[in-house]
Amino acid sequence: MEARAELELLPPFDRLEAVRGLDAFSHIWVVFVFHQAMDKTWAPTVRPPRLGGNKRVGVFSSRAPYRPNPIGLSVVELEHVVEKKGKILLSLKGVDLLDGTPVLDIKPYLPYVDAIDDATAGFASTAPEIVMPVVFSEAALGQCRRRELAGYPNLRSLIVKLLET
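Presented here is an overview of the structure given in this document. Just so it is clear, the structure is predicted and the values come from calculations on it, not from any experiment.

1. A closer look at the packing of helix α2 (residues 138–149) against helix α3 (residues 155–164)
Running from amino to carboxyl end, α2 crosses α3 at an angle of 120°, the nearest separation of the two axes being 8 Å. The angle between the axes of α2 and α3 places the two elements in the oblique class. For the pair α2 and α3, the contacting residues are L141, C144, R147 and E148 in the first and L155, R156 and I159 in the second. Partitioned by chemical class, the residues of the contact of α2 with α3 number 4 nonpolar, no polar and 3 charged.

2. Considerations on the packing of aromatic side chains
In total, this model carries 2 aromatic pairs according to the counting rule given. Seen from their ring centres, W29 and Y109 are 5.8 Å apart, and the 40° between their planes marks the pair as tilted. Note that W29 is positioned in strand β2 (residues 27–33) and Y109 in the loop between β7 (103–108) and α1 (111–114), a separation of 80 residues in sequence. A centroid spacing of 5.0 Å and a plane angle of 75° characterise the contact between F32 and F34, whose relative ring orientation is edge-to-face. Residue classification places F34 among the partly exposed positions, given a relative accessible area of 21%.

3. Points about the pattern of salt bridges
As enumerated under the stated definition, the model contains 5 salt bridges in all. We note a salt bridge from E8 to K87, for which the minimum N-O separation is 4.0 Å. With E8 in strand β1 (residues 4–9) and K87 in strand β6 (residues 87–93), the pair connects residues that are 79 residues apart, well separated along the chain. The exposure class assigned to K87 is partly exposed, which follows from its relative accessible area of 40%.

4. As for the pairing of strand β5 (residues 71–84)
Examined bridge by bridge, β2 and β5 share 7 bridges and lie antiparallel to one another. Looking at β5, one finds that H27 is bridged to E77. When β5 meets β6, the two strands line up antiparallel, connected through 7 bridges. Paired with E83 across the two strands is I88, which belongs to β6. Linking β5 to β6, which pair antiparallel, is a turn of 2 residues; within it K85 sits at a positive phi near 55°.

5. Thoughts on the sheet that holds β6
Judged by pairing direction, the sheet is antiparallel, and its 5 strands sit side by side in the order β1-β6-β5-β2-β7 without closing on themselves. Because the sheet does not close on itself, it has two edges, and the strands there are β1 and β7. Averaged over neighbouring strand pairs, the angle between their axes works out to 40° when direction is ignored. Here 5 bridges tie β2 to β7, and the two strands are oriented antiparallel to one another. Bridge pairing in β7 links W29 to K107.

Criteria and cut-off values
Residues numbered from 1 in each chain as written. Predicted model: local features only at pLDDT ≥ 70, side-chain atom pairs only at ≥ 80, totals over all residues. Heavy atoms only, no water. Axes fitted to C-alpha atoms, helices over the stretch in contact; angles between N-to-C directions. Helix = DSSP H or I, 4+ residues; strand = E, 2+ residues; numbered from the N terminus. Parallel < 35°, antiparallel > 145°, perpendicular 65-115°, else oblique. Contact = heavy atoms within 4.5 Å. Nonpolar A, V, L, I, M, F, W, Y, C, P; charged D, E, K, R; others polar. Phe/Tyr/Trp six-rings, centres within 6.5 Å; stacked < 30°, edge-to-face > 60°. Buried < 20%, exposed > 50% of the residue type's maximum accessible area, 1.4 Å probe, protein only. Salt bridge = Lys/Arg side-chain N within 4 Å of Asp/Glu carboxyl O. Pairing = 2+ DSSP bridges.

Structure, rendered in structure tokens:
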């Protein structure tokens, strides 16, 4: 949950009434385009990192970005909705998007339908194991501290989570 972002609504969707009531939800779904994968052709099978890249599964059994339609879906925590300098911004936590990712839609996360207690998850039924601990040099720790003070909170923790899984 360390990765944070601001999602700016662009015209003609940058209207407060378009997000009225959204701040009552703790989480939202973000529907987006895998824009940096669009130059690649889709493949019917992929090698998910979760399987060590050694086993192929069908593209529709994965979350790979190389799809017939490069559409992605992420659930993120909505910290708050704010209007700042005439812009509508959604402050998000736990994002897995790149800067500049085109967002197609936003929908509220509804726990009573979006969380299914007895759902199964195939080859991704548990959280990934930590394969190798991440160790920082003193110089790297110093750089993390400086960047955290400059406005990138929890940077060290974010790096660890990205590299461990």
